[in-house]
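So you can see what is in the structure, the chains are spelled out below.
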Amino acid sequence: MKAIRGATTVAADTPQEVRGAVRELLNEIKEKNGLAEGDIVCILFSNTADIRSLYPAKAAREAGFSGAALYSSLEPEIEGALPLCIRVLLFVETCRDVRHVYLRGAADLRRDLKKFSIALDGPSGSGKSTVAKQLAKEFGILYLDTGAMYRACALAAKDAGVTAFTEESVAPVLKEMELRVKYEDGAQRTFLGDRDVSEEIRKPEVSMAASAISALHCVREKMVEMQRKIAAEQSCVLDGRDIGTAVLPDAPFKFFVTASAEVRARRRCDELKAKGFAQEYAQVLKEIEERDKNDSTRAISPLRRAEDAVLVDTSDMRVEEVVRYIKKKIQEKV
Ligand code: DC
């Protein structure tokens, strides 16, 4: 048995308003928690004393939630309480991840449940993707690896036989390209059409090509639009180069994660080796420096720390320390 909490408000104390608000709240709870009608055992409502026109339980029955046991009660009058508010507690048979739902004026009651984005920008090898994955797991939100999207663009262009990336040569590829990101057990998989390219895009030659292609206006326009759409639908951690400056300049939490080029090259070497693409340290360092230069000197959305981003130098920090530090900064701001 699981318990799900929710609340909403009505604009006025009328039966019509109560019916609309209750239906909306229960349907949203059902949808967000993937519930079927039969999963709900009982629904307990309470409402503030300024609502007297209709019992929320009656509104729920009218809305078709008649299989569950329904009950309504009146809340005491508490000074400063949110007016015209309906609260609900549902008991359900099963539910994987409980998601509480706070709508309309009641959204402010649980600011911690509001949709939010965490922007993690920084150069390659700074450790931001490892940290982003960990943060997403701890906050129970989505991780969007935006670098993977640019890498997939580069692979699509290479596959189409494009060797010199220009607006003219790449625009037709983007038009045809069916780039999708999917999630399997919380891990991002990147697809071009039906082809899972998640591993292929990690190859060093794709890294260099991604850095080059990401300087093009047509590429950035398309990627930024996709990224904003994903971030608008759910809370997520996004890592990239321009999240805090261009993709989500209003993100409430922004971090610029960096480390010295040498430390980053060492980390990248270890990562590549673990994936079976072992490379010389000197070569990796050279490529990292080259990519840094490309990414931070390009004309459109260069790699840059947003003025309001917290700087995190991970050169001498372990992943757990970085995650702990960022979490602390986020919690201080909530
Ligand atoms: O993070 P990464 O190494 O997977 O990114 C690959 C390339 O994509 C990187 O060299 C720059 C580019 N990129 C970008 O321009 N903007 C982003 N938000 C993410 C990556």
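Since this is a predicted model, take the numbers as computed values, not measurements.

Before we go on, may I ask you to explain the site of the ligand in this structure?
Taken together, the neighbourhood of the ligand is formed by 18 residues, with Arg151, Arg220, Arg241, Asp242 and Arg298 sitting nearest. In this structure, an oxygen atom belonging to the ligand sits 2.8 Å away from a side-chain N or O atom of arginine 220. In this structure, an oxygen atom belonging to the ligand sits 2.8 Å away from a side-chain N or O atom of arginine 298. Counting only elements with at least two residues in the shell around the ligand, the list comes to helix 4 (146-159), helix 6 (204-213) and helix 10 (281-297). At four residues, the largest contribution of residues to the shell around the ligand is made by helix 4. Its residues placed into classes, the shell around the ligand shows two nonpolar, six polar and 10 charged.

Just checking my understanding: could you explain empty space enclosed by the protein for this structure?
Over the atoms rolls a probe the size of a water molecule, and in doing so it shows where empty space is left. Under the definition given, this model contains one cavity of 30 Å³ or more. Put simply, the largest cavity is a space of about 150 Å³. In terms of lining, the largest cavity is formed by 13 residues, of which the most central are Pro204, Ser207, Arg268, Leu272 and Arg291. When contributions to the lining of the largest cavity are tallied by element, the ones reaching two or more residues are helix 6, helix 9 (261-274) and helix 10. Tallying contributions element by element places helix 10 first for the lining of the largest cavity, with four residues.

Can you walk me through unusual backbone geometry in this structure?
Leaving glycine aside, a negative phi is the common case for residues, and trans is the common case for peptide bonds. With a phi close to 50 degrees, leucine 84 is a non-glycine residue in the positive phi region. With respect to the element layout, leucine 84 can be found in the loop between strand 3 (69-74) and strand 4 (85-92). Classification of leucine 84 as buried rests on a relative accessible area of 19%. For serine 301, which is not a glycine, the phi torsion comes out positive at approximately 40 degrees.

Looking at this structure, how should I read the sheet that holds strand 8 (residues 179-184)?
Paired through backbone hydrogen bonds, the strands of a sheet run either parallel or antiparallel to each other. Taken together, three strands build an open sheet; the order of strands is 8-9-10 and the sheet is antiparallel. Each of the sheet's edge strands pairs with one partner strand only, and the pair in question is strand 8 and strand 10 (195-196). The sheet contact formed by strand 8 and strand 9 (residues 187-192) spans six bridges and is antiparallel. Bridging across to strand 9, tyrosine 183 finds its partner in glutamine 188.

In this structure, what is going on with the sheet that holds strand 4? I would like to understand it.
A sheet is described by the order of its strands in space; here five strands give the open sequence 3-2-4-1-5, paired in mixed fashion. Looking along the sheet, the strands with just one partner apiece sit at the ends: strand 3 and strand 5 (101-102). With seven bridges connecting them, strand 2 (residues 40-47) and strand 4 associate as antiparallel partners. Within strand 4, the residue paired with leucine 44 across the bridge is leucine 89.

Quick question: what am I supposed to make of the packing of helix 9 against helix 10 here?
It is the contact of helix 9 with helix 10, at a shortest axis distance of 9 Å, that shows an interaxial angle of 120 degrees. Taken together, the axes of helix 9 and helix 10 lie oblique to each other. The chirality of how helix 9 crosses helix 10 is right-handed. Two secondary-structure elements touch here, helix 9 through Ala261, Glu262, Arg264, Ala265, Arg266, Arg268, Cys269 and Leu272 and helix 10 through Tyr281, Val284, Leu285, Ile288, Glu289, Arg291 and Asp292. A per-class count over the contact of helix 9 with helix 10 returns eight nonpolar, no polar and seven charged.

About the cut-offs
Residues numbered from 1 in each chain as written. Predicted model: local features only at pLDDT ≥ 70, side-chain atom pairs only at ≥ 80, totals over all residues. Heavy atoms only, no water. Near = heavy atom within 4 Å. Polar contact = N/O pair within 3.5 Å; in protein donor to acceptor, adjacent residues only side chain to side chain. Helix = DSSP H or I, 4+ residues; strand = E, 2+ residues; numbered from the N terminus. Nonpolar A, V, L, I, M, F, W, Y, C, P; charged D, E, K, R; others polar. 1 Å grid on protein atoms, 1.4 Å probe; cavity = no way out; pocket = protein on both sides within 12 Å on 5 of 7 lines; lining within 4 Å. Points joined across faces, edges and corners; volume = space filled by probe spheres on them. Buried < 20%, exposed > 50% of the residue type's maximum accessible area, 1.4 Å probe, protein only. Pairing = 2+ DSSP bridges. Axes fitted to C-alpha atoms, helices over the stretch in contact; angles between N-to-C directions. Parallel < 35°, antiparallel > 145°, perpendicular 65-115°, else oblique. Left-handed = near helix turned anticlockwise from the far one by under 90°. Contact = heavy atoms within 4.5 Å.

The quantities given are spatial measurements derived from coordinates; they are silent on function.
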